[in-house]
Amino acid sequence: MFLAVLNLNHPAHFLNWGPLSISIPNLVIILVMVFLFILALMIPFPNHSQENKEGEK
Amino acid sequence: MKNQNSFKNYPASQSWSGPKRQYDLIKELVIAIVVVAVLSIGLSALFSSPDERAVTMKSWATHNPIDLAQTAVGELAGTTTSAGYGAPYNQNGSGQSIAFISPQKWLGVRIPINSAQDLVIKPLATSNIPGATDLVSKWNSTSADQQIKWANDFAKAFDKDNALLSANNANVQNSDGKYGPVPAIVNDLLTMARSGALDGALTTSDSPLPTNFTKPLLFLADGGSYFSSIASKYHLQGSQWGVMNETGSWPGQSWLWLFSFWYQIPPFNSSPAGDLWVGLIMGVLTFALLLLPFIPILRRIPYWIPIHKLIWRNWYSDPDSKN
């Protein structure tokens, strides 16, 4: 294996709560996905309003 | 003429009279490809990728020969999971069923496997170990009752005293021949496994190319501790939300959380028909999702949680567009 900057080739850490169990890597990915979703909701399309106005002319 | 007029009146055939704006699809595509390529190459350099070595019969024989030997004896005695699984491998078990729903029975034996023959005896018959073919002949010429008695007696003795498999050379002691050819068969199978020949024999028994891993996987899954301890180490067991996880510390398949969830709670985590229960539940839920626009109450959720109004907020902020 090529040496990576961050070595992930070891067992992951897990968060456990009753029957629930999730690895830290999975939790990070889920949080990143939620963050990107919120960003996609909040950030307006570039020049969106300007293009709409041009189209209406 | 009547048909042409009705076609013109069809809404989809009318030209769009609302606002228009330019959209450069090629530019969008190029940006998307460049961003994904930079992310893929950058993240690979940063994190690399899972590179766990394959679990093989050779690694099993090297790291836990006693477990492999005990499992091989179990295959000969017909006491392993695969030997009594039922369809699709054999007719030795009833399979999973709920009331009248028995998909294993309905589909029948599609991949016939006789655990003793296909996982132990036939691979041994392909070996060039001196005397191996004589052992195979002796086993095959004996009655089924005698075969099972030899294997069961040896399994009992083996369970009591693992020293039957000497630690130094990982060879089974024959104990005065009272177990028939079983100890010698297990000896030769271990020799095959240590050399890697058993992996080849199991994966090429049905095709010239080693592409079918059904038999080595069944053999490994029948094992006592070797395979399961590796799975436990990486949280890959069914009881550990295994399908969601990956080897190492890489993220896994978190989108399978709902499938995995049912395996963690009663009664499914202890039901002999657990897989069937989970399959049926997920089928019902998938069907419900498909029919969501027709299900009262559930179809009102977008009105209670109007995320779509956030996405198309410009549209909803225009008083003229609400009609």
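That block above? That's the structure.
The model shown is predicted, which means the values in this text are computed figures rather than measured ones.

(A) The arrangement of the pattern of salt bridges in detail. All names here are of chain B. If you walk through the whole model with that rule in mind, you get three salt bridges over all chains. A salt bridge links D118 to K122, with the nearest nitrogen and oxygen atoms 3.3 Å apart. One end of the pair is D118 and the other is K122, both in helix α6 (residues 115-125) and four residues apart, which spans about a single turn. For D118, a relative accessible area of 10% puts it in the buried group. A salt bridge links K149 to D153, with the nearest nitrogen and oxygen atoms 2.8 Å apart. Highlighted residues: K149 and D153, both in helix α8 (residues 144-160), separated by four residues, approximately one helical turn. The exposure class assigned to D153 is partly exposed, which follows from its relative accessible area of 24%.

(B) Molecular detail of the nonpolar core. Residues and elements named next belong to chain B. The biggest cluster of nonpolar side chains holds 38 residues, and the ones touching the most others in it are M57, L68, L76, V120, I185, L198 and F219. Ignoring anything within four residues of it in the chain, the contact list for L198 reads M57, P123, L189, M192, A193 and F219. One finds W262, I265, V278 and I281 within the second-largest nonpolar core, a separate group that totals six residues.

(C) Focus on the packing of α6 of chain B against helix α11 (residues 214-222) of chain B. Residues and elements named next belong to chain B. Orientation of α6 relative to α11, taken along the N-to-C sense of each, is 110°, at an axis distance of 11 Å. Of the possible angle classes, the one that applies to α6 and α11 is roughly perpendicular. Residues D118, L119 and V120 of α6 lie in contact with α11, whose contacting residues are K215, F219 and D222. Residues belonging to the contact of α6 with α11 are distributed by class as follows: three nonpolar, no polar and three charged.

(D) A look at empty space enclosed by the protein. All told, the structure shown has one cavity of 30 Å³ or more when counted by the stated rule. In this structure, the largest cavity encloses a volume near 50 Å³. A12, F14, S23 and N26 of chain A together with Y234, N245, E246, G248, W250 and G252 of chain B are the residues that line the largest cavity. For the lining of the largest cavity, the residue count by class is four nonpolar, five polar and one charged.

(E) Representation of the layout of surface pockets within the structure. Residue and element names in this part refer to chain B. Put simply, the largest pocket is a space of about 1000 Å³. As for the largest pocket, its lining consists of 35 residues, of which A221, F227, L236, Q237 and G238 are closest to the centre. Contributions of two or more residues to the lining of the largest pocket are made by α11, α12 (226-233), α13 (257-262) and α14 (274-290). No other element matches the five residues that α11 contributes to the lining of the largest pocket. Across the lining of the largest pocket, the residue classes break down as 16 nonpolar, 16 polar and three charged.

(F) Quick look at the packing of aromatic side chains. Residues and elements named next belong to chain B. The tally for this structure, following the rule as stated, stands at eight aromatic pairs over all chains. Measuring from centroid to centroid gives 5.6 Å for Y85 and Y89, while their planes differ by 55°, and the two rings are tilted. On the basis of relative accessible area, Y85 is assigned to the partly exposed category, the value being 34%. Pairwise contacts between aromatic rings join W241, F261, W262, F268 and W277 into one cluster. Positioned over the ring face of Y303 is R300, at 4.2 Å from the centre of the ring.

(G) The arrangement of the interface of chain A and chain B in detail. The interface of chain A with chain B comprises 30 residues on the first partner and 30 residues on the second. Roughly 2500 Å² of surface becomes buried between chain A and chain B when both sides are summed, with 60% attributable to carbon and sulfur atoms. In terms of surface lost to chain B, no three residues of chain A exceed L8, N26 and L41 of chain A, which account for 23% of the buried area on that side. Linking chain A with chain B are zero salt bridges. Counting the contacts that link chain A with chain B gives 13 residue pairs in polar contact (both at pLDDT 80 or more). Those elements giving two or more residues to the side of chain A that touches chain B turn out to be β2 (20-23), α1 (24-42) and α2 (48-56) of chain A. By residue number, the principal contributor to the side of chain A that touches chain B is α1 of chain A, which donates eight residues.

(H) Structural detail: helix α2 (residues 25-47) of chain B. Residues and elements named next belong to chain B. An ideal rise of 1.5 Å per residue puts 33 Å on 23 residues; α2 measures up with 32 Å between its terminal C-alpha atoms. One side-chain oxygen at the N-terminal end of α2 lies 3.3 Å from the backbone nitrogen of I26; it belongs to D24. S48 sits one or two residues past α2 and shows a positive phi near 60°.

(I) The arrangement of the packing of α6 of chain B against helix α7 (residues 132-140) of chain B in detail. Residues and elements named next belong to chain B. The interhelical angle for the contact between α6 and α7, taken along N-to-C directions, is 135°, at an axis separation of 8 Å. Here α7 runs oblique to α6, going by the angle between their axes. Along its contact with α6, which presents Q117, I121, L124 and A125, the element α7 presents A132, T133, V136, W139 and N140. Considered class by class, the residues forming the contact of α6 with α7 number six nonpolar, three polar and no charged.

(J) Spotlight on the side chain of S260 of chain B. Secondary-structure assignment places S260 of chain B in helix α13. Apart from residues lying up to four places away in sequence, S260 of chain B is in contact with W241, G242, V243 and M244 of chain B.

(K) Spotlight on the pairing of β2 of chain A. Residues and elements named next belong to chain A. With four bridges joining them, strand β1 (residues 14-17) and β2 adopt antiparallel strand pairing. In the strand pairing of β2, L15 is matched with I22. The antiparallel hairpin formed by β1 and β2 contains two residues in its connecting segment, where G18 sits at a positive phi of about 60°.

Rules used throughout
Residues numbered from 1 in each chain as written. Chains lettered and ligands numbered in written order. Predicted model: local features only at pLDDT ≥ 70, side-chain atom pairs only at ≥ 80, totals over all residues. Heavy atoms only, no water. Salt bridge = Lys/Arg side-chain N within 4 Å of Asp/Glu carboxyl O. Helix = DSSP H or I, 4+ residues; strand = E, 2+ residues; numbered from the N terminus. Buried < 20%, exposed > 50% of the residue type's maximum accessible area, 1.4 Å probe, protein only. Core = buried A, V, L, I, M, F, W, Y, C linked by side-chain atoms within 4.5 Å. Contact = heavy atoms within 4.5 Å. Axes fitted to C-alpha atoms, helices over the stretch in contact; angles between N-to-C directions. Parallel < 35°, antiparallel > 145°, perpendicular 65-115°, else oblique. Nonpolar A, V, L, I, M, F, W, Y, C, P; charged D, E, K, R; others polar. 1 Å grid on protein atoms, 1.4 Å probe; cavity = no way out; pocket = protein on both sides within 12 Å on 5 of 7 lines; lining within 4 Å. Points joined across faces, edges and corners; volume = space filled by probe spheres on them. Phe/Tyr/Trp six-rings, centres within 6.5 Å; stacked < 30°, edge-to-face > 60°. Lys NZ or Arg CZ within 6 Å of the ring centre and 35° of its normal. Buried area = accessible area lost by both parts, 1.4 Å probe. Polar contact = N/O pair within 3.5 Å; in protein donor to acceptor, adjacent residues only side chain to side chain. Expected span 1.5 Å × (residues − 1). Pairing = 2+ DSSP bridges.

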